[in-house]
Structures are given as C-alpha cells and as structure tokens.
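Coordinates in review
Listed below are the residues making up each chain.
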Amino acid sequence: MFLATVKVVNKRFVVMVALSMSLLACSPQKSEQSNAENLSSENSTLYFGGDIITMHGDQANYVEAVIETDGKVVYTGNKENALQLLNKGFQQVDLQGKTMLPGFLDPHGHFMAAILMVNQVNVAAPPVGTAQSIADIIKNLQIYQKERQIPEGGWIVGWGYDQDLISEKRHITKRDLDKAFPKRKVMLIHVSMHGAVLNSQALAWANIDEKTATPEGGVIARFANNEPAGLVMESAYLPIFSKLPQPSDDEKIKLMGKAQEMYTSQGYVQAIEGFTHVADLRFLQRAAKAGKNIIDIIALPGFTEVDEWFDKPEFPFGRYHGKFKIHGCKITLDGSPQGKTAFISTPYLTGGPDGEKNWRGESLLTQVELDMLTAKMYKNNIPLQIHANGDAAIDMVIKTVQNAGIKASDDKRTVIIHSQFQRPDHLPHYAKLGLSPSYFTQHAFFWGDVHVQNIGQQAANFISPMKAAKEAGLIISNHSDFYVTPLDPFFIIWTAMARESRSGNLIGAEQRVDAYTALQALTTGPAFQFFEETRKGKIKVGMLADFVIIENNPLKQNVADIRDNAVVMTIKEGQVVYRQ
C-alpha cells in the first residue's frame, strides 16, 4: 500500500518519515525556488523519494525534490537544499519509489457525457464493454430496463455502440430493437458520438418517417421502401441529440463529483467539454459558482449556437471562474472515420454507412461558410478548435486559415481536433500556419483494422502521425475523445508507442514515438494548445501544484508493460483529489 503511514492533515496526505534516505540517482540538476518568504512551512509540502519527471525541456529532466506551497510549486531541485529552506512542521510525502509527473491534461473529450453516462447503458465491445453481438446489446438493455424499472414510454439510452465490433458486422436496425422494446424508446449512441440507432418509438418521437428528407450533410439509413431503418448520423442526428431528455440541473449538480472522479482516478487535473451547448455553458457556470469543480473544466461552445453565445457578456472567454473557463469556438467540419462520415478526397473502399456508392463523406459547412466563421472568430480573438478527420476536411481548414491571412507568427494556436486521415503534404502547412493537431492514436488499436479496409493500408498507416508532426516542429497533443474511447492515459501512451491494432497488426510502425513524446502529448502539449503553458503541464516554480503519482516510470518501462501502469494519487493545486 502506497504511503502506508499516511494521515490526513488539512486535506493533505502526510507521511512522517526519517529525513535520511538514499539520494535518487539522476543527472546533475539545477534547483529553482521562489522568494524565500513564500516558503511558509505550515502551508508547504515536500515531495521526494521517487522519480520526479518535470516535463521541462525536450528531454527527460528529473529532480530529487519538489516543494508546494498554497497550491503552487515554489521549489524544484536537490532534496538537501529543500530541507534547508523549510522549518519544522512542514508536510512530507515520500514517494517510496513511485513516479511523480505533472497532472495529465485532457486535450479533447466530452465532460458532459461523463455526467449523462451515469444514467446510460454500456453497449460497447470489449475491452470497454461486454457486447459482442446484437443479442448481447439487447440483453444489456433489458437488464438496465429491469434494474431501473423503465416504464412504458420511457427512455433507454446506450453508449459505445459500434457495428464493426459485433459478430453480425452490420448496423442494428429498429426491427432488431422493436422486438425487445415495443413500448419504450431506445437509442444506441454510436461510438463516434456522431450518430445513433433509434427504434420505432424513438423515431416517431423524433418525427422521422419515410417522408422525412435526409438533410444535407446527414445520413438516414432506409429499407428498400424508403422506411427509416434506425440509423441516423451527422446533421440528421444533431437535432435529435439536442432535444433528448436530460436530468435537471439539480440532478446533474449531484453527479458532478462522480463525473470528475472518472478523470481524477486516471490522473487528470483538466477536463474538456469539447462541444458545449449554451444550456450546458450555463450549467457549468452554475456548478463552478457553487464550488463543485474539483479539477479545471474547459468549455468550447459549439458553432451551431454561435448567435446565442457570441459577444454575450454572460459568457466571458479566457478567464477561470471557480476552475471553469470558456476557451474558444468549436467547429465540427466533418464526421467520424469509423462511422465512414469523415470527409475524404477519394471514395471509401467499402462504400458509405448505408451502402452509398463512391462515398467520400461530407462537410457540414461549405468553404464560404467556414471562411466567414473563421474570420469572425479571429477578428474577435476567440481561439478556434476545428474537428477535421478526413483529409478533404483538413484541406478545407488549411484553406480557411490561409484565406484569413493567419500565419504561425500570429500565435492563434488553432487546434485541429483529430487530424486523423492526414496526408504528409499537410504537415508543412500546419507548421507555416501555426496549426496544432490533437491526435487520437487509440484509433490504431480500436479501429486500425477497420481503417485499412475503408481507406487502404498506406493511408491508414499515416493516421495520427505523431512522429512526423514532431519532426515538422509541431506541438501536439493526444486525446481519448471520451467517451468514444476510455480516458486511461496509459492506454493512450501505449497506442502512441506501439500502434498495434486489435488483431496485432502494426498501423504505421514508422509513426511510433518514444515514451517522453507520448507524455508530452498529455502534459505540455495540451497546456500549449489552451494557452496555459505558464500555468500547468510542467513541474516548475510558479506553476500550479498539479501532480499525478503513478506506480511505474513510463520512461523506464517496456512498451508492452505501459498499459498496465496505474495511478496512485492525483493532486490538484496541492490538494489530494484522488487516492488509490
């Protein structure tokens, strides 16, 4: 058990240890400290006794000791020097051989989904869930219906549905669901979060029938008689999701702690709400004002409601209030690779999601519409984060930034979320224009084999090209897109280093990166992308005392062992927010 003799004082874990110990073997280190008057012993904690990786610099930098005072780092360096700065009464944490890093930063995910999924059904395939067939999914839904006593006319919502990972290798239809749930509304949210399958009761609620026209940029799967089959995606799905019944604000407030524990238990000190509706903006503001935020939560208001939040005093950008910040505008330009709605330049080898021929996916905006929105945000100094999965969507982003006259020297830090089906010729444009990719290497494991089938081996090998991007001088991050894939940071690190698919195939072996680069993508990279590189992402004097203590040092582990690492403790601004 870590810190077996710990006791709690002022919400901190304290261990009383003898001051003598073997010094950590490491290279010579340069000590940093703040002004001496800041080293108030009664408010200070000394960390020592394990590998402390500061993430400061392009190569691994270790220090023997760190002092935290009032939520900030005030000293890093030699332990003996640290002891000379402190008087009696300070608190000590002996790492006992564990490893300490800056707290992990979520670069892109959907925090509100963490709240909602508490009342939803896991219908994902292993290793995320247990569903391996349509029968498994229906069984999980039936168990939920019975346990929650869902009445006739009530809702049953599943998450994590993926047609490629069930034995039937096809989409579930409303007919499959109607047999088991003739009098209840059922919706299975696609793992991409860009669509869902609805049964007949839910389709009727959504006012979708054989006379409903498929909207531009959307998909409504149909039977031969034009009758909706159940699957809806992209622009056809957005209005359905937006009016789906949700818990009240009071109910969601009660779930804030459980939702954030999903993050703190994985070592995160920052969560992203990656496409925030105005109603959720107001809820997150209320939660922060009520002191419910344990970690930093950052919102990206969605472009579909720009008229409701743009230039409104109630939605100030760029400043934290109770650990909540509205950062920038989120534009979703295309769909998902695994849903075959990503906008690509050559047709999918396997057709579209409903069997369409010569299918390339679609953009949700025209180039003119994107250019107008881009110019508006840049003019008002609102950062942009643009979802672009397919290479044709990435082409549109490059063009819109060029048309706006923006270059890297303007330091806009426009983030391209996913940048998944990237081409090598994109990277020089990213460098010139100051575009920063947030990659998604978990795709190599979860859908690498699917991508090979859909777009071919050569293109699949270049998904999330972290190594090439780093060589091009780009600052990058790597995300889970939670709940599309698990938050587990060690799995993210492993996929960046191994790039192995479910079947064990290598998906772009030449794009594998080392452990330090993989760690940067969860610490310094996200900090830069959110203009917070002087606030968090490193263990450095003057920055927040946001730490994660883990079982093993990833820089010293075999690649195969990294995914089995574990979080022991998460510390946010000097306060322990999770303990194993």
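Placed above this text is the structure.
Values in this document were obtained by computation on a predicted structure and should not be read as measured data. (Residues numbered from 1 in each chain as written. Predicted model: local features only at pLDDT ≥ 70, side-chain atom pairs only at ≥ 80, totals over all residues. Heavy atoms only, no water.)

1. Quick notes on the packing of helix 11 (residues 391–403) against helix 12 (residues 426–433)
Packed helix pairs are characterised by how far apart their axes lie and by the angle those axes make with each other. To keep things clear, this is the line we draw: Helix axes use the C-alpha atoms of the stretch in contact, all axes being lines fitted to C-alpha atoms, and the angles between their N-to-C directions lie in the range 0 to 180 degrees. Helix and strand assignments follow DSSP, with helices taken as H or I runs no shorter than four residues and strands as E runs no shorter than two, numbered in order from the N terminus. In this scheme, roughly parallel covers angles under 35 degrees and roughly antiparallel covers those over 145, while 65 to 115 is roughly perpendicular and the rest are oblique. What makes a crossing left-handed is the near helix being turned counterclockwise from the far one by less than a right angle; a clockwise turn instead makes it right-handed. Contacts are residue-level and defined by heavy atoms, with any inter-residue pair within 4.5 Å sufficient. In this classification, Asp, Glu, Lys and Arg are treated as charged, Ala, Val, Leu, Ile, Met, Phe, Trp, Tyr, Cys and Pro as nonpolar, and every other residue, Gly included, as polar.
The interhelical angle for the contact between helix 11 and helix 12, taken along N-to-C directions, is 30°, at an axis separation of 11 Å. One element, helix 11, and the other, helix 12, form an angle in the roughly parallel class. Seen from above, helix 11 lies across helix 12 with left-handed handedness. Touching Asp391, Ile394, Asp395, Ile398, Val401 and Gln402 of helix 11 are His426, His429, Tyr430 and Leu433, all from helix 12. Tallied by class, residues from the contact of helix 11 with helix 12 come to five nonpolar, three polar and two charged.

2. Description of the packing of helix 10 (residues 367–379) against helix 11
Where helix 10 contacts helix 11, the two axes come as close as 9 Å, and the packing angle between them is 50°. Comparing their axes, helix 11 and helix 10 come out oblique. Remark: the crossing between helix 10 and helix 11 carries right-handed chirality. When helix 10 is examined against helix 11, the residues Gln367, Leu370, Asp371, Thr374 and Tyr378 are found in contact with a partner set consisting of Met396, Val397, Lys399, Thr400, Val401 and Asn403.

3. Description of the nonpolar core
Threshold: We call a set of buried residues a nonpolar core when its members are Ala, Val, Leu, Ile, Met, Phe, Trp, Tyr or Cys and they connect through side-chain atoms within 4.5 Å of each other. Buried residues are those whose accessible area, probed at 1.4 Å on protein chains only, stays under 20% of the maximum for their type, while exposed residues exceed 50% and partly exposed ones sit between those limits.
In this structure, Phe111, Met187, Leu198, Tyr263, Trp309, Ile331 and Met377 are the most contacted members of the largest nonpolar core, which totals 117 residues. Broken down by element, the residue count for this core peaks at eight residues, all from helix 17 (residues 489–498). Apart from residues lying up to four places away in sequence, Met187 is in contact with Trp155, Ile156, Val157, Gly158, Ala196, Val197, Leu198, Tyr237, Ile240 and Leu244. Ala131, Ile134, Ile137 and Leu231 belong to the second-largest nonpolar core, a separate cluster that totals 34 residues.

4. A few points about the sheet that holds strand 18 (residues 324–326)
Condition: A strand pair is defined by DSSP finding two or more bridges across the two strands.
One open sheet holds the four strands; their spatial order is 9-16-17-18, and the pairing between them is parallel. Only two strands of the sheet have a single neighbouring strand rather than two, namely strand 9 (104–105) and strand 18. Examined bridge by bridge, strand 17 (residues 296–301) and strand 18 share three bridges and lie parallel to one another. What sits directly across from Ile297, in strand 18, is Phe324. Its contacts with the sheet place helix 7 (residues 249–264) against strand 16 (268–276) and strand 17, and it is angled at close to 115° to strand 16. Relative to strand 18, helix 8 (residues 278–289) is tilted by about 150°, and along the sheet it contacts strand 16, strand 17 and strand 18.

5. Quick look at the packing of aromatic side chains
The geometry of an aromatic ring pair comes down to the distance between the two centres and the angle between the two planes. Applicable threshold: Aromatic rings from Phe, Tyr and Trp, with only the six-membered ring used for Trp, were paired whenever their centres fell within 6.5 Å, and each pair was classed as stacked if the ring planes differed by under 30 degrees, edge-to-face if by over 60, and tilted otherwise. Only when the NZ of Lys or the CZ of Arg is both within 6 Å of the ring centre and within 35 degrees of the ring normal is a charge said to sit over the ring.
This structure, assessed with the given rule, holds 19 aromatic pairs. Taken together, a centroid distance of 5.6 Å and an interplanar angle of 45° make the contact between Trp309 and Phe317 tilted. The class for Trp309 is buried, based on a relative accessible area of 0%. Ring-pair connections join several aromatic residues into one group, and the members of that group are Phe104, Phe111, Trp159, Tyr263, Tyr268, Phe482, Tyr483 and Phe490. A cation sits over an aromatic face here: Arg175 above Phe223, 3.6 Å from the ring centre. The positively charged end of Lys376 is found above the aromatic ring belonging to Phe310, 4.4 Å away from the centroid.

6. Thoughts on the pattern of salt bridges
Here is the rule: The term salt bridge refers to a side-chain nitrogen of Lys or Arg lying within 4 Å of a carboxyl oxygen of Asp or Glu.
Tallying each qualifying case throughout the model produces 23 salt bridges. The closest approach of N and O atoms between Asp280 and Lys252, which form a salt bridge, is 3.8 Å. Separated by 28 residues along the polypeptide, Asp280 in helix 8 and Lys252 in helix 7 bring together distant segments of the chain. The exposure classification of Asp280 matches that of Lys252, with both residues buried. Linked through salt bridges whose partners overlap, the residues forming this network are Asp296, Lys325, Glu532, Arg535, Lys536, Asp546, Lys572 and Glu573.

7. Some remarks on the environment of Gly390
By the secondary structure assignment, Gly390 is in the loop between strand 20 (384–388) and helix 11. The class for Gly390 is buried, based on a relative accessible area of 0%. Sequence-wise, Gly390 and Phe421 are 31 residues apart; in three dimensions their C-alpha atoms are separated by 4.9 Å. Excluding residues that lie within four positions of it along the chain, Gly390 makes contacts with Asp334, Ala342, Phe343, Ile344 and Phe421.

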